[in-house]
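An overview of the molecular structure
Spelled out from the first residue to the last, the chains are:
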Amino acid sequence: VTTIGIIGGGQLGRMLAMAAARLNFRIVILEPQADCPAAQVANEQIVAAYDDPAALAELATSCDIITYEFENVPVAAAETLASKVPVYPPPKALEAAQDRLIEKRFINGCGIPTAGFHSVDSQADLEAALKDFGGRGVLKTRRLGYDGKGQRVFRSAADTAAGAFAALGGVPLILESFVSFEREISIIAARATDGTIACYDPAENVHRDGILHTSTVPASISAETAAAAREAAEKILAALGYVGVIGIEFFVLADGSLIANEMAPRVHNSGHWTEAACVISQFEQHIRAVAGLPLGNTGRQSDCVMQNLIGDDILELRDWLRRPDTLVHLYGKTESRPGRKMGHVTILTANLPVSP
Ligand code: ATP
Ligand code: MG
Ligand code: MG
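The rules we used
- Residues numbered from 1 in each chain as written.
- Chains lettered and ligands numbered in written order.
- Predicted model: local features only at pLDDT ≥ 70, side-chain atom pairs only at ≥ 80, totals over all residues.
- UniProt positions renumbered as here; feature names shortened; annotations may be inferred.
- Pairing = 2+ DSSP bridges.
- Helix = DSSP H or I, 4+ residues; strand = E, 2+ residues; numbered from the N terminus.
- Axes fitted to C-alpha atoms, helices over the stretch in contact; angles between N-to-C directions.
- Domains from an automatic or database assignment.
- Contact = placed C-beta atoms within 7 Å.
- Nonpolar A, V, L, I, M, F, W, Y, C, P; charged D, E, K, R; others polar.
- Near = placed C-beta within 6 Å.
- Buried ≥ 20, exposed ≤ 12 C-beta atoms within 10 Å, placed from the backbone.

By the naming in an unreviewed UniProt entry, the chain goes by N5-carboxyaminoimidazole ribonucleotide synthase and is assigned to Rhizobium mesoamericanum STM3625. The record held by UniProt for the chain lists under Subunit (unreviewed entry) the comment "Homodimer." Of the chain, the UniProt comment under Pathway (unreviewed entry) reads exactly: "Purine metabolism; IMP biosynthesis via de novo pathway; 5-amino-1-(5-phospho-D-ribosyl)imidazole-4-carboxylate from 5-amino-1-(5-phospho-D-ribosyl)imidazole (N5-CAIR route): step 1/2."

What follows deals with the sheet that holds strand β7 (residues 151-154). With respect to topology, 4 strands assemble into an open sheet ordered β5-β8-β6-β7, the strand pairing being antiparallel. In this open sheet, the two edge strands, each paired with only one partner strand, are β5 (117-120) and β7. For this sheet, the mean inter-axis angle between neighbouring strands, taken without regard to orientation, is 20°. Taken together, the 4 bridges between strand β6 (residues 137-141) and β7 define a ladder with antiparallel strand orientation. Bridging from a neighbouring strand, Lys140 pairs with Gln151 of β7.

This part covers the domain arrangement of the chain. Assigned domains of the chain: these are domain 1 (3-87), domain 2 (116-176) and domain 3 (183-347). One C-alpha centre belongs to domain 1, the other to domain 3; they are set 22 Å apart. Each partner contributes residues to the interface: domain 1 has 19 residues there, and domain 3 has 16 residues. No other element matches helix α1 (residues 11-22), which puts 8 residues into the side of domain 1 that touches domain 3. Here the residues of the side of domain 1 that touches domain 3 sort into 13 nonpolar, 3 polar and 3 charged.

Lining the immediate environment of ligand 1, one finds 15 residues, of which Ala115, Val138, Tyr146, Glu176 and Val179 sit closest. Considering only residue class, the shell around ligand 1 consists of 5 nonpolar, 4 polar and 6 charged.

Across the 7 residues of strand β15 (residues 304-310), 7 count as buried, placing the element largely inside the fold. Side chains Cys304, Met306, Asn308 and Ile310 of β15 all project onto a buried face; the interleaved residues Val305, Gln307 and Leu309 project onto the opposite face, where all are buried too. Here 4 bridges tie strand β12 (residues 211-217) to β15, and the two strands are oriented antiparallel to one another. Bridge pairing in β15 links Ser215 to Met306.

Encoded structure:
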């Protein structure tokens, strides 16, 4: 039996473990939190910090392949593991995705445009950077931000910058130019060990309170824009010598051109719809890729909308279950809190539902 180690025990690890089980893989999770979503379906959990030397040694010994479900795996830990056992996606992808400054330089280096940006290491840097962008921009922590956390938007030169550097924790920041986009899309792509690349159709994403709310497929974009997203994904995957699934977010401008926002070297929330509308989900695709198996068909059987169940959205569970066109997926989290992702639904219809 081939054993796959997954670093991180959240819902993405859980869904990877479920897909892996169907292909006869054994799954070991490394996650400090006991009874995490992934541990409920994995064969084994090592309960330890992601950089615990003894735990990493145990993971390397007990697994044939190691992957991860979040991009903040310490790069040194991934490299230690990679010296003993294949780690996919390659640690290089973690380095490129963990820090927004390095990420933007990397993406630009692939010939793909991003928002303009300035590195901000002080309040004085921030004021100079804002001046350069005419007083508008999005200030973000370089590391560890997600669901819109660690960000501050400057909409006009009238927005005061006073104290903003300290308010975001006094850590290294980046100021991005403000992109007046028409819509947001993402593409889920995979690269196999033999270099084969397969992409799913781009999804159109709508956020609510900084958190992904819906992903709709097909996105309202031209065939040219969809092709540009695929080409960008191909460049990024090739440049990283990537193996596995990646999610790349873009802003779509009024003329249909794309600005890359960020990338996640893992399965992605905006790809959850693939489990309902495609024969091979992004989760199985990732497992196939890291295990050296042929990639699966990314063809889509249906239009669809994926909607996250966040916090008390879970109270509408029975209503979702009554819908004949809807696949419900829960993450095994017993306690609902505001902003916490409890599960998601995928509605196999072209119409945008906003309630169950
Ligand atoms: P995620 O949960 O997707 O990882 P995140 O916290 O890493 O999100 P971003 O994706 O960088 O944050 O930004 C969150 C949202 O804020 C974007 O989806 C977009 O709607 C808006 N946004 C981010 N950067 C910009 C920008 N430069 N110009 C305009 N809007 C932006
Ligand atoms: Mg992000
Ligand atoms: Mg994002």
